[in-house]
Amino acid sequence: MDKLIITAAICGAEVTKEHNPNVPYTVEEIGREAEIAYKAGASIIHLHVRYDDGTPTQDKERFRECIEEIKKRCPDVIIQPSTGGAVGMSDEERLQPVELLPEMATLDCGTLNFGGDEIFVNTENTIKNFGKVMIEKGVKPEIEVFDKGMVDYAIKYAKQGYILEPMHFDFVLGVQMTATARDLAFMVDSIPAGSTWTVAGVGRHEMPMAAIGIAMGGHVRVGFEDNVYLEKGVLAKSNGELVEKVVRIAKELGREIATPDEAREILGLKKR
């Protein structure tokens, strides 16, 4: 069984300081939260960025500032920008951080309901274009899937040459698809042999999904993007507290934690 790769999704695009005052907005806050998560055991920082007032943005220069701040604090960490952005952004906006040539970036493989009247749109042409650009830039996609149909899309586009194999999937459960052990096992059984995977449980599903994912030999994503509570009714003081909790669970289940370089080896990344 591979060592456990922990991804910290430190701020997201939708969660705010009204949900948890420790959600980072500024460059300094994002750098600090990334460093705390890294020191706790995260080898990947899944990165959205904000303006200082909390407004989400895909602006390339804002990403550059935040990436430089993170790298100054933890030089060997893997930084994984989101190309999801926020609801309502154009494809051109969302692709901007890929121009910075990160080691990884997310690639969402389908449209989904995101609560209320909000729809997160990923057309077939969007997915193909994002995949093509990532191949051209040498950026490994993390295939974000919210249900089984999105796994099927990823497999189809890989066969058509828009996504390179072996693929790395992130199963985001508890949004469009429920989050149970049955659901996770079904998703894992649906991906091609040789693929790697991470599970991200949203809200109260975060730690149960993390524990199941660890036991199954997969990898885990936690952080304020997905959940702001350390336990029921107790707000987490930092992303690091959530990472530390995963490390404790992993220790009890006999999984060692991967360093960033070990994560690169598992995922087939070349350090830039």
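This text goes with the structure placed above it.
From a predicted model like this one, the values you see are computed outputs, not experimental measurements.

Engineer: Would you mind showing me how to read the overall build of the chain here?
Structural biologist: Within the chain, the secondary structure is distributed over 9 helices and 14 strands. Here the C-alpha atoms of the chain give a radius of gyration of 17 Å, agreeing with the 19 Å that 2.2 N^0.38 yields for 272 residues. For the C-alpha atoms alone, the extent of the chain along its principal axes is close to 45 × 40 × 40 Å. Carbon and sulfur atoms form 51% of the exposed surface of the chain, whose accessible area is close to 11,500 Å². Across the chain, 32 positive and 44 negative side-chain charges occur, with their mean positions spaced 3 Å apart.

Engineer: I tried to follow helix α9 (residues 260-267) on my own but got confused; where do I start?
Structural biologist: In an α-helix, one full turn covers 3.6 residues, which means residues spaced three or four apart are oriented alike. Within α9 the residues assigned to the buried category are Pro260, Ala263, Arg264 and Leu267. Summarising the axial view, the buried residues of α9 lie within an arc of 105°, below the 170-degree limit, and thus occupy one face.

Engineer: Can you walk me through the layout of surface pockets in this structure?
Structural biologist: With a probe scaled to a water molecule rolled over the atoms, the places where space remains empty come into view. Approximately 520 Å³ is the volume found for the largest pocket. Among the residues forming the lining of the largest pocket, the class breakdown is 12 nonpolar, 10 polar and 8 charged. Taken as a whole, the second largest pocket holds about 300 Å³ of empty space. Around the second largest pocket, the lining comprises 16 residues; the ones closest to its centre are Gly138, Val139, Lys140, Leu164 and Gly268. Secondary structure elements with two or more residues in the lining of the second largest pocket: α4 (124-137) and β9 (140-145). Residue contributions to the lining of the second largest pocket peak at 3 residues, all from α4. Counted by class, the lining of the second largest pocket contains 8 nonpolar, 3 polar and 5 charged residues.

Engineer: Even after reading the chapter, I still don't get empty space enclosed by the protein, so can you show me in this structure?
Structural biologist: Tallied over the full model, the rule gives 1 cavity of 30 Å³ or more. Here the largest cavity is characterised by a volume of approximately 30 Å³. Looking at the largest cavity, the residues that line it are Ala13, His48, Val49, Pro56, Thr57, Gln58, Gly85, Ala86 and Met89. A per-class count over the lining of the largest cavity returns 5 nonpolar, 4 polar and no charged.

Engineer: Got a minute to help me understand the environment of Ile45 in this structure?
Structural biologist: You can see Ile45 is positioned in strand β2 (residues 44-47). For the pair Ile45 and Gly218, spaced 173 residues apart in sequence, the C-alpha separation works out to 17 Å. Ignoring anything within four residues of it in the chain, the contact list for Ile45 reads Ala8, Ile10, Ala34, Ala37, Ile70, Val77, Ile78, Ile79 and Gln80.

Engineer: Before we go on, may I ask you to explain the side chain of Glu33 in this structure?
Structural biologist: Within the secondary structure layout, Glu33 lies in helix α1 (residues 27-40). With residues near it in sequence (within four places) discarded, Glu33 still touches Ile10, Asn22, Pro24, Phe224, Ser238 and Asn239.

Engineer: Explain the packing of α1 against helix α8 (residues 239-252) to me, please; I cannot follow it from the model alone.
Structural biologist: Any two packed helices are characterised by the angle at which their axes cross and by the distance between the axes. It is the contact of α1 with α8, at a shortest axis distance of 8 Å, that shows an interaxial angle of 15°. Comparing the axis directions of α1 and α8 gives the class roughly parallel. Between α1 and α8 lies a crossing whose hand is right-handed. Contacts between α1 and α8 involve Glu33, Ile36, Ala37 and Ala40 from the former and Asn239, Gly240, Val243, Glu244 and Val247 from the latter. Its residues assigned to classes, the contact of α1 with α8 shows 5 nonpolar, 2 polar and 2 charged.

Engineer: Whenever I open this one, the pattern of salt bridges confuses me. Can you help?
Structural biologist: Pairing is possible between side chains of opposite charge, provided their charged atoms come close. Inspection of the entire model under this criterion finds 22 salt bridges. Among the ionic pairs, Glu99 bridges to Lys60, the shortest N-O distance being 3.0 Å. Placement of the pair is Glu99 in the loop between α3 (91-95) and β6 (104-108) and Lys60 in helix α2 (residues 60-73), with a sequence separation of 39 residues. Residue class for Glu99 comes out partly exposed when judged on its relative accessible area of 44%. Across the salt bridge formed by Asp91 and Arg94, the nearest N and O atoms sit 3.9 Å from each other. Remark: Arg94 and Asp91 occur in helix α3; sequence separation between them is 3 residues, near one turn of the helix. Accessibility expressed as a relative area gives 2% for Arg94, which makes it buried. Among the ionic contacts, a cluster of salt bridges with common partners joins Glu28, Arg32, Glu35, Lys39, Glu69, Lys72 and Arg73.

Engineer: Where do I start with helix α7 (residues 206-216) in this structure?
Structural biologist: Among the residues of α7, those classed as buried are Glu206, Met207, Met209, Ala210, Gly213 and Ile214. Buried positions in α7, seen along its axis, are confined to an arc of 160° and lie on one side of it. Along its buried surface, α7 packs onto β10 (168-173), α6 (181-190), β11 (196-201), β12 (219-222) and α8. Of the residues flanking the end of α7, it is Gly217, one or two places downstream, whose phi is positive at about 95°.

Conventions adopted
- Throughout, a residue's number is its position along its own chain's written sequence, starting from 1.
- Per-residue local features are limited, in this predicted model, to residues with pLDDT of at least 70; the limit for side-chain atom pairs, both in listing and counting, is 80 or more; totals at the level of whole chains, interfaces and linings are taken over all residues.
- Remark: hydrogens and water are excluded; side-chain values derive from all non-hydrogen atoms of the structure.
- A run of H or I in DSSP counts as a helix once it spans at least four residues, and a run of E counts as a strand once it spans at least two, with each numbered from the N terminus.
- Atoms counted for the radius of gyration: C-alpha only. Globule rule: 2.2 Å times residue count to the power 0.38.
- Every accessible area reported is derived by Shrake-Rupley at a probe size of 1.4 Å, with residue values counting cover from the shown protein chains alone.
- Counting rule applied: Lys, Arg positive; Asp, Glu negative; His and chain ends not counted.
- Taken as the charge location is NZ of Lys, CZ of Arg, CG of Asp or CD of Glu.
- Buried, partly exposed and exposed residues are distinguished by accessible area as a fraction of the type maximum, computed with a 1.4 Å probe on protein chains only: under 20%, between the cut-offs, and over 50%, respectively.
- Think of the arc as the fan of directions from the helix axis to the C-beta atoms.
- Cavities and pockets were defined on a 1 Å grid built from protein atoms only: a cavity is a group of points that admits a 1.4 Å probe but offers it no way out, a pocket is an open group of points flanked by protein on both sides within 12 Å along at least five of seven lines, and a lining residue is one with an atom within 4 Å of any such point.
- Grid points are joined across faces, edges and corners, and a volume is the space filled by probe spheres set on the points.
- Under the scheme applied, nonpolar residues are Ala, Val, Leu, Ile, Met, Phe, Trp, Tyr, Cys and Pro; charged residues are Asp, Glu, Lys and Arg; polar residues are all the others, including Gly.
- Whether two residues touch is decided by their heavy atoms; if any such pair falls within 4.5 Å, the residues are in contact.
- Axes, fitted as lines to C-alpha atoms, cover a helix only where it is in contact. Angles between the N-to-C directions of the axes lie from 0 to 180 degrees.
- For classification, angles of less than 35 degrees are called roughly parallel, those exceeding 145 degrees roughly antiparallel, those between 65 and 115 degrees roughly perpendicular, and all remaining angles oblique.
- Whether a crossing is left-handed or right-handed is set by the direction in which the near helix is turned from the far one by less than a right angle, anticlockwise for left-handed and clockwise for right-handed.
- Within this document, salt bridges are pairs made up of a side-chain nitrogen of Lys or Arg and a carboxyl oxygen of Asp or Glu, the two lying within 4 Å of each other.

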